[in-house]
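Read off the chains here:
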Amino acid sequence: MKIGFGYDVHKLVEGRALILGGVHIPFEKGLLGHSDADALIHAIIDCLLGAANLGDIGTHFPDTDEAYKDISSIILLDRTKVLLQESKYQIVNIDATIVLEKPKLVAYIDDMKEIIADKLDIESTQISIKATREEGMGFVGNGEGIKVFAVCLIEEM
């Protein structure tokens, strides 16, 4: 078995959709990035790739490549699943924490888990997603951005 850790952070800006875990969340700001900037999916991709010793999200989906401009991170997650399968790994579990001041995510977490599980061909019970605040401290606490931490456990098939 192998453990992976992933982290992602994006700035909140006006004029962009807020997408986390493949779910569009109504909010006045969205995440700035080359793709759809889905920080949750990006952190999960990084932890899966890291656990399998396959590099990181920038290695496989560089933000300098126009092919990934505004791409849905769900597509990148699907491609990550293929990389894991080709390397003969399967996912045991994923645990992620989203850090943001607003909006509240409790109503969206089950949908995020279902979308991610469906794309990775695992059960939603193998995924834990939590959200927390920074209580007004730092750039996240000031509402300037969102960060996500993710860990996973994978095993050889």
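Residues numbered from 1 in each chain as written. Predicted model: local features only at pLDDT ≥ 70, side-chain atom pairs only at ≥ 80, totals over all residues. Heavy atoms only, no water.

Visitor: Got a sec to walk through the pairing of strand β1 (residues 2-13)? Specific residues and values, please.
Guide: Sheet topology note: the β1/strand β7 (residues 145-156) ladder contains 10 bridges and is antiparallel. From the neighbouring strand, Gly6 faces β7, where its bridge partner is Ala150. Note: β1 against strand β4 (residues 30-31), two bridges, orientation antiparallel. For Leu12, the partnering residue across the bridge sits in β4 and is Leu31. (Pairing = 2+ DSSP bridges. Helix = DSSP H or I, 4+ residues; strand = E, 2+ residues; numbered from the N terminus.)

Visitor: Tell me what's going on with the environment of Ile3, and back it up with residues and numbers.
Guide: Tracing the chain through its elements places Ile3 in strand β1. For Ile3, a relative accessible area of 69% gives the class exposed. A C-alpha to C-alpha distance of 4.6 Å links Ile3 and Leu153, two positions 150 residues apart in sequence. Setting aside anything within four residues of it in sequence, one finds Ile3 in contact with Ala51, Cys152 and Leu153. (Buried < 20%, exposed > 50% of the residue type's maximum accessible area, 1.4 Å probe, protein only. Contact = heavy atoms within 4.5 Å.)

Visitor: Residue-level account of the pattern of salt bridges, with values.
Guide: By the definition in use, this model includes seven salt bridges. Notably, a salt bridge pairs Lys81 with Asp78, separated by 3.2 Å at the nearest N-O pair. Of this pair, Lys81 and Asp78 both sit in helix α3 (residues 73-86), separated by three residues, roughly a single helical turn. Exposure remark for Asp78: the relative accessible area of 26% places this residue in the partly exposed category. Its salt-bridge partner being Arg133, residue Glu101 comes within 2.9 Å of it at the nearest N-O pair. Taken as a pair, Glu101 in the loop between β5 (89-99) and α4 (109-120) and Arg133 in the loop between β6 (127-132) and α5 (138-141) lie far apart in primary sequence, 32 residues in all. Given a relative accessible area of 38%, Arg133 falls into the partly exposed group. Beyond isolated ion pairs, a larger network of salt bridges with shared partners links Asp78, Lys81 and Asp121. (Salt bridge = Lys/Arg side-chain N within 4 Å of Asp/Glu carboxyl O.)

Visitor: Explain the pairing of β7 residue by residue, including any values.
Guide: Where β5 and β7 come together, 10 bridges link them in antiparallel fashion. Paired with Val99 across the bridge in β7 is Lys147.

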